[in-house]
Amino acid sequence: MTVHQISVFLENRAGQLSEITQVLAEQGIDMRAISIAETADYGVLRLIVDRPQATTTLLLEHGFILSMTPVTVVAVPDQPGGLAPVLQLIAEADIDIEYMYSLFTHTGGKAYMVFRVSDDEAFTATLKRHGIEPVGTDELGIQA
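Here is what the cut-offs are and how they apply
- Residues numbered from 1 in each chain as written.
- Predicted model: local features only at pLDDT ≥ 70, side-chain atom pairs only at ≥ 80, totals over all residues.
- Heavy atoms only, no water.
- Helix = DSSP H or I, 4+ residues; strand = E, 2+ residues; numbered from the N terminus.
- Buried < 20%, exposed > 50% of the residue type's maximum accessible area, 1.4 Å probe, protein only.
- UniProt positions renumbered as here; feature names shortened; annotations may be inferred.
- Phe/Tyr/Trp six-rings, centres within 6.5 Å; stacked < 30°, edge-to-face > 60°.
- Arc of directions from axis to C-beta.

- Looking at an unreviewed UniProt entry, one finds the protein chain named ACT domain-containing protein and attributed to Candidatus Avoscillospira avicola.

1. Digging into unusual backbone geometry
Inference 1: The backbone phi angle of D94 is positive, close to 55°, even though this residue is not glycine.
Inference 2: As for its placement among the helices and strands, D94 is situated in the loop between α3 (84-92) and β5 (97-107).
Inference 3: Classification of D94 as exposed rests on a relative accessible area of 66%.

2. A short note on the UniProt feature "domain: ACT" (unreviewed entry) in the protein chain
Inference 1: Mapped onto the present numbering, the UniProt feature "domain: ACT" (unreviewed entry) falls at residues 5-70 and 71-144.
Inference 2: The span residues 5-70 is 32% helix and 44% strand, and its two end C-alpha atoms sit 6 Å from each other.

3. Observations regarding the packing of aromatic side chains
Inference 1: Inspection of every chain in the model, using the stated rule, returns two aromatic pairs.
Inference 2: For the pair Y99 and Y101, a centre-to-centre distance of 6.4 Å together with 15° between the ring planes defines the contact as stacked.
Inference 3: Since its relative accessible area comes to 18%, Y99 is described here as buried.

4. Topic: helix α1 (residues 16-26)
Inference 1: All of the buried residues along α1 are Q16, I20, V23 and L24. Within α1, the buried residues cover an arc of 95° as seen down the axis, which keeps them to one side. Looking at α1, the residues exposed on the side facing more than 90 degrees away from the buried face are A25 and E26.
Inference 2: A positive phi of about 70° marks G28, the residue just after α1.

Shown next, in the form of structure tokens:
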């Protein structure tokens, strides 16, 4: 089960992140997660929001360059070492993690981690073999 992540390409200039968050706020779009990576020439803003289709349309209308990427969200115990067993499964299955970050949401003693991996099918199968179900859009309050 995957969640849609929006990746927005940003120029390295002051104010772009503020502009995006303001546009989303004005439309009542709720961010579930945000991650920023940068190089010398540009940045990549990764977002998970409650309304991905509306967000994509809105940001395109404002001239932003973006893409949608499927990612997998996994609930882990919200305690020291809670992430370690999932990372161990990934290592044992020889799956590369391209990147990961956490969601703002923490409920029922669980934290939520976003994974982009080299082989999503193998990752999902590995999780399921060990009794771990990827988190779906309903649990995160995201419109499909």
